[in-house]
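A closer look at the structure
One-letter residues, chain by chain:
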Amino acid sequence: MRHFLLLSFVVFLQGCIFTYDPPPGSIEIHNYSDSVIYVYHSCSDSLELDHKLDLFYICTGIGMVTDASGNIRQDTDSIHSPEYRIGAYDYGNVVLCGSKRRPRLCCDNDTLYLFFIKESVMRTMSWEEICEKQQYEQRVVLTEEQLDSCGWQYTYYPKGARK
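Summary of the structure given here.

Conventions we followed
- Residues numbered from 1 in each chain as written.
- Predicted model: local features only at pLDDT ≥ 70, side-chain atom pairs only at ≥ 80, totals over all residues.
- Heavy atoms only, no water.
- Helix = DSSP H or I, 4+ residues; strand = E, 2+ residues; numbered from the N terminus.
- Buried < 20%, exposed > 50% of the residue type's maximum accessible area, 1.4 Å probe, protein only.
- Contact = heavy atoms within 4.5 Å.
- Areas by Shrake-Rupley, 256 points an atom, 1.4 Å probe, with all protein chains shown as cover.
- Pairing = 2+ DSSP bridges.
- Disulfide = S-S within 2.5 Å.

Details of the overall build of the protein chain
Within the protein chain one finds 4 helices and 10 strands. Walking the protein chain from its N terminus toward its C terminus, one meets helices and strands in the order α-β-β-β-β-β-β-β-β-α-α-β-α-β. Across the 163 residues of the protein chain, 31% fall into the buried class. Intrachain contacts of the protein chain at a sequence separation of at least 6 include 70% that bridge at least 24 residues. With the model as given, the accessible surface of the protein chain reaches about 11100 Å², and the carbon-plus-sulfur share is 52%.

Structure below.
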């Protein structure tokens, strides 16, 4: 029995070694504005239909929540903010390629385009309209060399704000 337990433990450890998936590389975005922003990232210089951003997403699962009356009940659907939604005076991460220690761009041309879209636009327009009219607040072009020099961080300031 002891050999069986030892063998089972070794097999378990082998499986853990091969299933480890290190965290991906990312760029940290700091939002220095009074508004929520949505960050679209691309290798292209314009917003595109095939990489759609959503206002929120619904996560289906079962968990326990407390309702307004203090009753505990099962929660089957929860509305969550996507990772590319960054609150006012907050920060978030945009996932790229590479690893956490050595992030890198996924683009062939080593150029990353960041598009900052106001939440009010996301609430009032469809993604098709946003792309057709290119309804972003700001577009920023960054190279991998620039990102390396700033520690893979970028600070968003609203138009007209002093930096």
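Observations regarding the pairing of strand β10 (residues 153-156)
Taking every second residue as pointing to the same face, the buried face of β10 carries Y154 and Y156, while none of Q153 and T155 on the other face is buried. Taken together, the 4 bridges between strand β1 (residues 24-31) and β10 define a ladder with parallel strand orientation. In the sheet register, H30 faces β10, and the bridge partner there is T155.

Thoughts on the sheet that holds strand β5 (residues 85-86)
Spatially, 4 strands are ordered β5-β2-β8-β9 in an open sheet, and the strand pairing comes out antiparallel. Only two strands of the sheet have a single partner each, and these edge strands are β5 and β9 (138-143). Of the pairings in the sheet, the one linking strand β2 (residues 37-42) to β5 comprises 2 bridges and is antiparallel in character. Bridge assignment links I37 to a residue of β5, and that residue is I86.

Thoughts on the state of the cysteines
Under the criterion given, the structure shown has 2 disulfides. Bridging C43 to C107, the disulfide has an S-S length of 2.0 Å. Between C43 and C107 the disulfide shows an S-S torsion of about -85 degrees. By sign, it is left-handed. Taken together, the residues span a long stretch of sequence, with C43 in the loop between β2 and β3 (57-66) and C107 in the loop between β7 (103-104) and β8 (111-118) at a distance of 64 residues. Note on C43: relative accessible area 38%, which makes it partly exposed. A relative accessible area of 7% places C107 in the buried class. Covalently, C97 is tied to C106 through a disulfide, its sulfur atoms 1.7 Å apart.

Section: the sheet that holds strand β6 (residues 91-99)
As summarised here, the arrangement of the 4 strands in space is β7-β6-β1-β10, forming an open sheet in which the pairing is mixed. Each having just a single partner strand, β7 and β10 make up the two edges of the open sheet. Two elements, β1 and β6, share 6 bridges in a ladder whose sense is antiparallel. Its bridge partner lying in β6, I27 is registered against V94.

Looking at unusual backbone geometry
Phi is positive for D110, close to 55 degrees, though the residue is something other than glycine. Looking at the element boundaries, D110 is found in the loop between β7 and β8.

Examining the environment of G25
Locating G25 in the fold gives a position in strand β1. Owing to a relative accessible area of 0%, G25 belongs among the buried residues under this scheme. Among residues more than four places away in sequence, those in contact with G25 are V94, V95, L96, C97, G98, S99, K100 and P103.

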